[in-house]
Amino acid sequence: MTASLDAFRIVRTVADLRAAVRAWRAQGLTVALVPTMGALHAGHLHLVAEGLKRADRVVTSVFVNPTQFAAHEDLGAYPRQQDRDAKLLDQTGCALMFAPTVDEMYAAGAVTRITVGDAETGGPSQGLEGAFRPQMFGGVALVVAKLLNQAQADIAVFGEKDWQQLMVVRRLALDLDIPTEIVGVPTVRDEHGLALSSRNAYLSAEELDVARRLNVILRQAGEKARAGRPIAGAEREAYDAILKAGFDTIDYVAIRRAEDLAAFPSGVIEGDARILTAARIGRTRLIDNMAV
Ligand code: PAF
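Residues numbered from 1 in each chain as written. Predicted model: local features only at pLDDT ≥ 70, side-chain atom pairs only at ≥ 80, totals over all residues. Heavy atoms only, no water.

A. The arrangement of the overall build of the protein chain in detail. Across its full length, the protein chain holds 10 helices and 9 strands. Scaling as 2.2 N^0.38, a compact globule of 292 residues should have a C-alpha radius of gyration of about 19 Å, and the protein chain matches this with 19 Å. For the C-alpha atoms alone, the extent of the protein chain along its principal axes is close to 55 × 45 × 40 Å. Expressed as a percentage of the 292 residues in the protein chain, the buried residues total 52%. The long-range fraction of contacts in the protein chain, counting pairs at least 24 apart against all pairs at least 6 apart in sequence, stands at 74%. Taken as a whole, the protein chain presents about 13,600 Å² of accessible surface, with 52% of it coming from carbon and sulfur. Of the side chains in the protein chain, 33 bear a positive and 36 a negative charge, and the two mean positions are spaced by 1 Å. (Helix = DSSP H or I, 4+ residues; strand = E, 2+ residues; numbered from the N terminus. Rg over C-alpha atoms; globule rule 2.2 N^0.38 Å. Buried < 20%, exposed > 50% of the residue type's maximum accessible area, 1.4 Å probe, protein only. Contact = heavy atoms within 4.5 Å. Areas by Shrake-Rupley, 256 points an atom, 1.4 Å probe, with all protein chains shown as cover. Lys, Arg positive; Asp, Glu negative; His and termini not counted. Charge placed at Lys NZ, Arg CZ, Asp CG, Glu CD.)

Next comes the structure, spelled out in structure tokens:
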């Protein structure tokens, strides 16, 4: 079915979001949700374009979610540029930007929390980002569960750049019987292979040169491990190479099972694998990952 495109709109309440989605549904239209924290770049717009390929209407949420930041993290400094975001979304064909306030998202007195696995159950939230940012996946799971419930979209589109997050969201949707299909979209990279990220805006010109080495190092380490090199050795080499390239500190470099992020018990790759890292240059923490 074809339907004329509606004018782009910004809504700030769950009631208005639901009314818009209900109206589209009444016309037989399908809906994609693209959850973001704003400061949109080409990577986000690629997610919107993917949503448009798969659904009649795209809703993009722009919400800097406080529950996924620890007290010492960059919540206050996180770039906020809603006017610019709205223009970009309009130009990309997104129908609606959902930009709630913190009070709209988290009503006074809200106490519900969501945990996607723990030390006992295991699961994709354990280790890696979960170890270095213990706040992160509880906050992501809570806000994503709320957004999925608020939008009631047919699909929700997430970038593979946050691979562990994507696996956590898939597990959450499965475990809570959320009917929205979770779609992962390959990472958009610049001409040097640097994964696009809102945090790249913090990098100086020299830091940008260093950051662009990260994907090359990951690819090389992944290829060696895929060729049969023990994982521990490939990880160690990548660790040394990242520091040599000019990064200041590394939280982790790890080759893990792609789906649940568990370590390979045999110490070599068997089946689908991913190499993942988080490293800092100056005050900027970058993450990246790729299939091995
Ligand atoms: O990936 C992000 O930008 C955020 O973690 C998300 C999924 C929008 C939840 O706040």
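B. Quick look at the sheet that holds strand β3 (residues 57-62). One open sheet accounts for 6 strands, arranged β1-β4-β3-β2-β5-β6; its pairing is parallel. The open sheet terminates on both sides in strands that have one partner only, identified here as β1 (9-11) and β6 (181-185). Averaged over all pairs of adjacent strands, the angle between their axes in this sheet comes to 25°, without regard to strand direction. Strand direction decides the pairing type here: strand β5 (residues 155-159) and β6, joined by 5 bridges, are parallel. Residue pairing for β6: V157 is matched across the bridge by V183. (Pairing = 2+ DSSP bridges. Axes fitted to C-alpha atoms, helices over the stretch in contact; angles between N-to-C directions.)

C. Main features of helix α2 (residues 42-54). Its 13 residues give α2 an end-to-end C-alpha distance of 18 Å, which sits within 8% of 18 Å, the value for a rise of 1.5 Å per residue. Among all positions of α2, only G43, H44, L45, L47, V48, E50 and G51 are buried. (Expected span 1.5 Å × (residues − 1).)

D. Quick peek at unusual backbone geometry. Although it is not a glycine, D177 sits at a positive phi angle of roughly 55°. Take D177: it is sitting in the loop between α7 (163-175) and β6. By relative accessible area, D177 is classed as exposed at 65%. Look at L261: it is not a glycine, yet its phi comes out positive at around 65°. Within the element layout of this structure, L261 appears in the loop between β7 (249-257) and β8 (273-281).

E. Region of interest: helix α6 (residues 136-151). With 16 residues, α6 extends 22 Å between its outermost C-alpha atoms, agreeing within 8% with the 22 Å of an ideal straight helix rising 1.5 Å per residue. Counting buried positions over the 16 residues of α6 gives 13, a clear majority of the element. Following α6 by one or two positions, Q152 adopts a phi angle in the positive range, close to 50°.

F. Seen up close, the pairing of β5. Within β5, 4 of the 5 residues are buried, which leaves it mostly tucked inside the rest of the structure. Of the strand pairs in this sheet, strand β2 (residues 31-36) and β5 are connected by 2 bridges, and their pairing is parallel. Bridged to L33 within β5 is A156. Since β5 and β6 lie parallel, the crossover through α7 that links them has a hand, and here it is right-handed. (Right-handed = clockwise from strand over helix to strand, strands pointing away.)

G. Quick look at the pattern of salt bridges. Inspection of the entire model under this criterion finds 14 salt bridges. Put simply, R189 and D288 hold a salt bridge, and the shortest N to O gap is 2.9 Å. With R189 in the loop between β6 and α8 (205-211) and D288 in strand β9 (residues 284-291), the pair connects residues that are 99 residues apart, well separated along the chain. For R189, a relative accessible area of 23% corresponds to the partly exposed category. A salt bridge links R257 to D260; the shortest N-O distance between them is 2.5 Å. Within this structure, E50, K53 and R54 form a network of salt bridges that share partners. (Salt bridge = Lys/Arg side-chain N within 4 Å of Asp/Glu carboxyl O.)

H. Seen up close, the environment of L142. Tracing the sequence through the fold places L142 in helix α6. According to the relative accessible area criterion, L142 is buried, its value standing at 7%.

I. Layout of the side chain of Q68. Here Q68 lies in the loop between β3 and α3 (82-92). Q68 sits in the buried class, given a relative accessible area of 8%. Reaching out from Q68, the side chain makes a polar contact with the side chain of N65 at a distance of 2.8 Å. Excluding anything up to four places from it in sequence, Q68 contacts M37, E73, R133, Q135, M136, G139, V140 and V143. (Polar contact = N/O pair within 3.5 Å; in protein donor to acceptor, adjacent residues only side chain to side chain.)

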